[in-house]
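Here is how the chains run, residue by residue.
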Amino acid sequence: MKKNIVITLNDHYLEEIDNTLSNLRKEGMIIKNVYEFGVISGVLEEENFSKIRALDEVLLLKEDKNINIPPPSGGIQ
Amino acid sequence: MRQPILGKRTFLKENTDHSKAFEKYMNECYERVASSVPLFTGRHLMVNTKGNDFKSPQKLFKDKLNFKIANSRDFISENLNETSFTDADALIYDELGIALIDGNEEQIRMLEAESSDFIIQPERVVYVPDDLPVSINIPATWGLNVTRVVDSNFTGRDVKIAVLDTGFDANHPDFCDREVVAESFVPNETSKDMHGHGTHCIGTACGNKDSQGFRYGVAKSANIYAGKVLSNEGSGAQSWILNGITWAVKNNCKVISMSLGSKIYPGEGYDLAYEKAAKFALSNGAITVAAAGNDSRRSFKQYIPVSSPANCPSVLAVGALDSNLNVADFSNRSINPESQIDIAAPGVSIYSSWIMPTRNRTISGTSMATPHIAGILGLLCEKYPEGTIYEIKEELRNMARRLPLPGIDVGVGLAIAP
């Protein structure tokens with residue numbers, strides 16, 4: 001199943017971002033956003049998570065955590 | 001008797017108008033202009049140092065000085081009042097052993113020479129103390145009062161404050177004279193707030209007054225940047241929030257307020273992606289502030305750790321207080337290492353703006369405490385335009401009012417406006 005993911009890069013590889021991106025694409029990741037502080041968001045098949053986690057330049061791969069606030073009627077926001 | 005010479009102070013425009021009062025104060029401090037406020041009324045008080053008897057000076061008054069004398073005993077049925085003894089040159093307070101004298105310099109000197117048991121001193125003008133808050137007449141929320149925002153001379157002018165939330169109601173009449181830059185990071189939704197949460201948070205951080213003149217906003221002149229990162233249903237993806245942070249930084253916002261979070265369990269670490277984004281903001285001169293979260297139920301002894309992203313070390317985590325300055329029942333706690341509550345602000349029964357047609361609404365939450373901190377940071381940025389972001393954070397901590405509550409609940413305490 002395709003999942004929205006957020007990848008945090010290892011600081012040592014920030015200079016070689018193009019190389020990193022092509023490595024990620026090779027593993028089937030669809031890149032959505034590249035943040036200059038070393039974070040990449042995108043979409044990836046769940047079965048490929050382990051391959052990307054194995055890359056040297058990837059420090060952390062997490063599913064995009066949804067943030068929720070209560071409905072407008074809620075007294076505590 | 002002459003009317004006393006009285007100075008002017010307080011409730012005049014020059015004292016109640018912030019800019020004028022500030023200018024006057026700076027003039028007095030730095031321009032070294034002699035104070036125009038008189039110290040003495042031009043009359044004298046004669047005090048008996050050996051008792052209350054005034055027979056001998058009374059004789060002097062009559063025989064040598066030709067004074068008309070009034071006595072406080074004459075005013076048993078009516079209260080003593082300046083206008084009731086305008087004819088008299090001396091008013092003797094028998095019970096006190098004091099006389100109020102209206103004489104010329106020669107007469108006063110003569111009195112001094114002739115009455116050894118008495119001291120004669122000029123009557124002083126009494127003033128309302130200078131340090132009395134000058135804005136006592138402006139009605140405002142309890143949150144603005146307790147953080148002393150109402151007493152502040154700063155309004156966040158020329159400071160850009162970003163609020164990443166459910167967007168903003170651009171047609172809100174309380175903001176008709178304000179410039180708001182709004183941007184949506186939610187796919188297929190405009191920046192218009194259809195929830196209310198975002199408009200409420202922007203109201204607290206950067207709003208001013210409601211239609212009745214009741215003030216609820218902290219940095220009332222700040223430049224507002226409304227980033228929509230939560231959908232109208234009140235949910236958002238992490239990447240939308242990262243987009244919002246990047247946008248705020250690129251627009252040179254000094255403060256990024258995030259009244260949002262996801263629940264964190266004991267033992268969970270902070271999110272590295274958020275931490276990197278917050279560090280990126282810091283390195284570009286922007287402070288990120290986030291809500292500690294509302295998952296605790298202290299009355300049932302349930303304590304939940306600080307939410308994400310507030311739990312990141314580079315994000316200021318804000319806890320909520322009620323109007324008695326107790327920790328709000330729902331406010332989360334520092335439980336996981338490195339995930340601390342940094343500071344606390346009003347977060348129970350907070351009145352602010354809401355989407356039209358409701359216009360204004362009172363709600364509670366650490367979401368309401370967070371924009372108080374964002375606004376106060378805006379005031380600090382105005383006060384110290386050359387200050388680094390670290391100095392401003394430090395000043396926020398230094399100024400905070402320490403509370404008799406655990407640091408794991410309120411951090412350094414209640415934020416106070418500069």
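Nothing here was measured: the structure is a model prediction, and the numbers come from that model.

Peer 1: Help me out: how do you make sense of the interface of chain A and chain B in this one?
Peer 2: Interfaces are often sized by the accessible area lost when the parts come together. Across the boundary between the two partners, chain A contributes 28 residues, which contact 40 residues of chain B. Carbon and sulfur atoms supply 56% of the area that chain A and chain B bury against each other, a total of about 2600 Å² over both sides. Along the contact surface separating chain A from chain B lie three salt bridges. With a shortest N-O distance of 2.4 Å, Glu36(A) and Lys250(B) are connected by a salt bridge. Connecting chain A to chain B are 15 residue pairs in polar contact (both at pLDDT 80 or more). Those elements that provide at least two residues to the side of chain A that touches chain B are strand 1 (2-9), strand 2 (30-35), strand 3 (39-45), strand 4 (58-63) and strand 5 (67-68) of chain A. When its residues are assigned to classes, the side of chain A that touches chain B shows 13 nonpolar, 10 polar and five charged.

Peer 1: Could you clarify how one ought to interpret the sheet that holds strand 1 of chain A in this entry?
Peer 2: Sheets are built from strands paired through backbone hydrogen bonds, the pairs being either parallel or antiparallel. Taking strand neighbours across the sheet as the criterion, the four strands line up as 2-3-1-4 (chain A) in an open arrangement whose pairing is antiparallel. Looking along the sheet, the strands with just one partner apiece sit at the ends: strand 2 and strand 4 of chain A. With strand direction ignored, the average angle separating the axes of adjacent strands in the sheet is 25°. As judged from the five bridges shared by strand 2 of chain A and strand 3 of chain A, these two strands associate in the antiparallel manner. Its bridge partner lying in strand 3 of chain A, Val34(A) is registered against Ile40(A). Of the strands in this sheet, strand 1, strand 2 and strand 3 of chain A are in contact with helix 7 (residues 238-250) of chain B, which crosses strand 2 of chain A at around 35°. The strands touched by helix 8 (residues 272-283) of chain B are strand 1, strand 3 and strand 4 of chain A; relative to strand 1 of chain A, the strand with the most contacts, the crossing angle is about 50°.

Peer 1: In this structure, what is going on with the pairing of strand 8 (residues 223-228) of chain B? I would like to understand it.
Peer 2: Along a regular strand, successive side chains alternate from one face of the sheet to the other. Residue and element names in this part refer to chain B. Among the six residues of strand 8, five are classified as buried, and the element is accordingly described as predominantly covered. As paired strands, strand 6 (residues 160-165) and strand 8 are joined by six bridges and run parallel to one another. Counterpart to Ala-162 in the pairing with strand 8 is Tyr-225. With five bridges connecting them, strand 7 (residues 180-184) and strand 8 associate as parallel partners. Looking at strand 8, one finds that Val-180 is bridged to Ile-224. With respect to chirality, the unit in which strand 7 leads through helix 6 (residues 197-206) into the neighbouring parallel strand 8 is left-handed.

Peer 1: Would you mind showing me how to read the packing of aromatic side chains here?
Peer 2: How two aromatic rings sit relative to each other is set out by the distance from centre to centre and by the angle between their planes. Across all of its chains, the model carries nine aromatic pairs over all chains by this definition. An angle of 80° between the planes, with centres 6.0 Å apart, marks the rings of Tyr216(B) and Tyr351(B) as edge-to-face. Pair noted here: Tyr216(B) is in the loop between helix 6 and strand 8 and Tyr351(B) is in strand 14 (residues 350-353), with a separation of 135 residues, a long-range link. For the pair Tyr225(B) and Trp247(B), a centre-to-centre distance of 5.8 Å together with 55° between the ring planes defines the contact as tilted. One end of the pair, Tyr225(B), is in strand 8; the other, Trp247(B), is in helix 7, and 22 residues separate them in sequence. Each member of the pair, Tyr225(B) as well as Trp247(B), is classed as buried. By the ring-pair criterion, three or more aromatic residues cluster together here, those being Tyr35(A), Phe37(A) and Phe280(B). We note Arg333(B) situated over the ring of Tyr303(B); from NZ or CZ to the ring centre the distance is 4.1 Å.

Peer 1: Could you clarify how one ought to interpret the domain arrangement of chain B in this entry?
Peer 2: In terms of domain boundaries, chain B breaks down into domain 1 (13-124) and domain 2 (142-410). Taking only C-alpha atoms into account, the centre of domain 1 of chain B sits 56 Å from that of domain 2 of chain B.

Peer 1: Is there a simple way to explain the packing of helix 9 (residues 366-383) of chain B against helix 10 (residues 389-399) of chain B in this structure?
Peer 2: In a packed pair of helices, the relevant descriptors are the angle between the two axes and the axis-to-axis distance. All names here are of chain B. Running from N to C, helix 9 and helix 10 cross one another at 115°; their axes reach a closest spacing of 10 Å. Crossing of helix 9 over helix 10 shows right-handed handedness. Two secondary-structure elements touch here, helix 9 through Ile-373, Ile-376, Leu-377, Leu-380 and Cys-381 and helix 10 through Ile-392, Glu-395 and Leu-396. Of the residues belonging to the contact of helix 9 with helix 10, the class tally is seven nonpolar, no polar and one charged.

Peer 1: Even after reading the chapter, I still don't get the sheet that holds strand 11 (residues 287-291) of chain B, so can you show me in this structure?
Peer 2: All names here are of chain B. Reading across from one edge, 7-8-6-10-11-12-13 is the order of the seven strands in this open sheet, with parallel pairing throughout. Of all strands in the sheet, those with a lone pairing partner are strand 7 and strand 13 (343-346), marking the two edges. Taking the axes of each pair of neighbouring strands and ignoring which way they run, one obtains an average angle of 25° across the sheet.

Peer 1: In this structure, what is going on with the pattern of salt bridges? I would like to understand it.
Peer 2: A side chain of one charge can pair with a side chain of the opposite charge when the charged atoms of the two come close. Residues and elements named next belong to chain A. Within this structure, the stated rule accounts for 20 salt bridges over all chains. Lys-2 is paired through a salt bridge with Glu-45; the nearest N and O atoms lie 3.6 Å apart. Note that Lys-2 is positioned in strand 1 and Glu-45 in strand 3, a separation of 43 residues in sequence. You can call Lys-2 partly exposed: its relative accessible area is 49%. Among the ionic contacts, a cluster of salt bridges with common partners joins Lys-3, Glu-46 and Glu-63.

Peer 1: What should I look at first to understand the nonpolar core in this one?
Peer 2: One finds Ile161(B), Val289(B), Ile373(B), Leu377(B) and Leu396(B) to be the most contacted residues of the largest nonpolar core, which totals 50 residues. Per element, the largest residue contribution to this core is nine residues, and it comes from helix 9 of chain B. Dropping the residues within four chain positions of it, Ile161(B) is found in contact with Cys206(B), Ala219(B), Ala222(B), Asn223(B), Ile224(B), Tyr225(B), Cys253(B), Val255(B), Ala374(B), Gly375(B) and Gly378(B). In terms of nonpolar packing, the next biggest core, distinct from the first, is built from 40 residues, Val6(A), Val186(B), Leu260(B) and Ala317(B) among them.

Peer 1: What is the right way to look at unusual backbone geometry in this model?
Peer 2: Note: most peptide bonds trans; most residues except glycine with negative phi. Residue and element names in this part refer to chain B. A cis amide bond, omega 10°, links Ser-308 with the succeeding residue Pro-309. By the secondary structure assignment, Pro-309 is in the loop between strand 11 and strand 12 (316-321). Going from Met-356 to Pro-357, the amide bond is cis rather than trans, its omega being 5°. Positioned with a positive phi, Arg-148 is a non-glycine residue whose angle comes to about 60°. A relative accessible area of 42% places Arg-148 in the partly exposed class. Even without a glycine there, the phi angle at Glu-338 is positive, about 75°.

Definitions and cut-offs
- Starting from 1, residues in each chain are numbered consecutively following that chain's sequence as written.
- Here every chain gets a letter starting at A, and every ligand a number starting at 1, in the order they are written.
- Thresholds applied to this predicted model are a pLDDT of at least 70 for local features of residues and 80 or more for the giving and counting of side-chain atom pairs; totals over whole chains, interfaces and linings are not thresholded and use all residues.
- Excluded from the side-chain calculations are hydrogens and water; all other atoms, namely the structure's heavy atoms, are used.
- Residues count as neighbours in contact if any of their non-hydrogen atoms are within 4.5 Å of one another.
- The quantity reported as buried area is the accessible area (1.4 Å probe) lost by two parts once they are put together, taken as the sum for both.
- Think of a salt bridge as a Lys or Arg side-chain nitrogen and an Asp or Glu carboxyl oxygen that are within 4 Å of each other.
- Any pair of N or O atoms that falls within 3.5 Å is considered a polar contact. Within protein, one atom must be able to donate a hydrogen and the other to accept it, and sequence-neighbouring residues count only if both atoms are side-chain atoms.
- Numbering goes from the N terminus for both helices and strands, where a helix is a DSSP run of H or I of at least four residues and a strand is a run of E of at least two.
- Each residue receives one of three labels: charged for Asp, Glu, Lys and Arg, nonpolar for Ala, Val, Leu, Ile, Met, Phe, Trp, Tyr, Cys and Pro, and polar for the others, Gly being one of them.
- Whether two strands pair comes down to DSSP finding at least two bridges between them.
- To get an axis, a line is fitted to the C-alpha atoms, and for a helix only the part in contact is used. The angle between two axes follows their N-to-C directions and goes from 0 to 180 degrees.
- Relative accessibility under 20% of the residue-type maximum defines a buried residue, over 50% an exposed one, and the middle range a partly exposed one, all with a 1.4 Å probe and only protein chains included.
- Orient the strands so they point away from the viewer, and a crossover whose first-strand-to-second-strand path over the helix runs clockwise is right-handed.
- For Phe, Tyr and Trp, where Trp contributes only its six-membered ring, two rings pair if their centres lie within 6.5 Å, and the inter-plane angle classes them as stacked under 30 degrees, edge-to-face over 60, or tilted in between.
- Consider the ring centre and the ring normal. A charge sits over the ring if Lys NZ or Arg CZ is within 6 Å of that centre and within 35 degrees of that normal.
- Marked domain ranges trace back to an automatic or database domain assignment.
- We call a crossing left-handed when the near helix sits turned anticlockwise from the far one by less than a right angle, and right-handed when that turn is clockwise.
- Take the buried residues of types Ala, Val, Leu, Ile, Met, Phe, Trp, Tyr and Cys, join any two whose side-chain atoms come within 4.5 Å, and each joined set is a nonpolar core.

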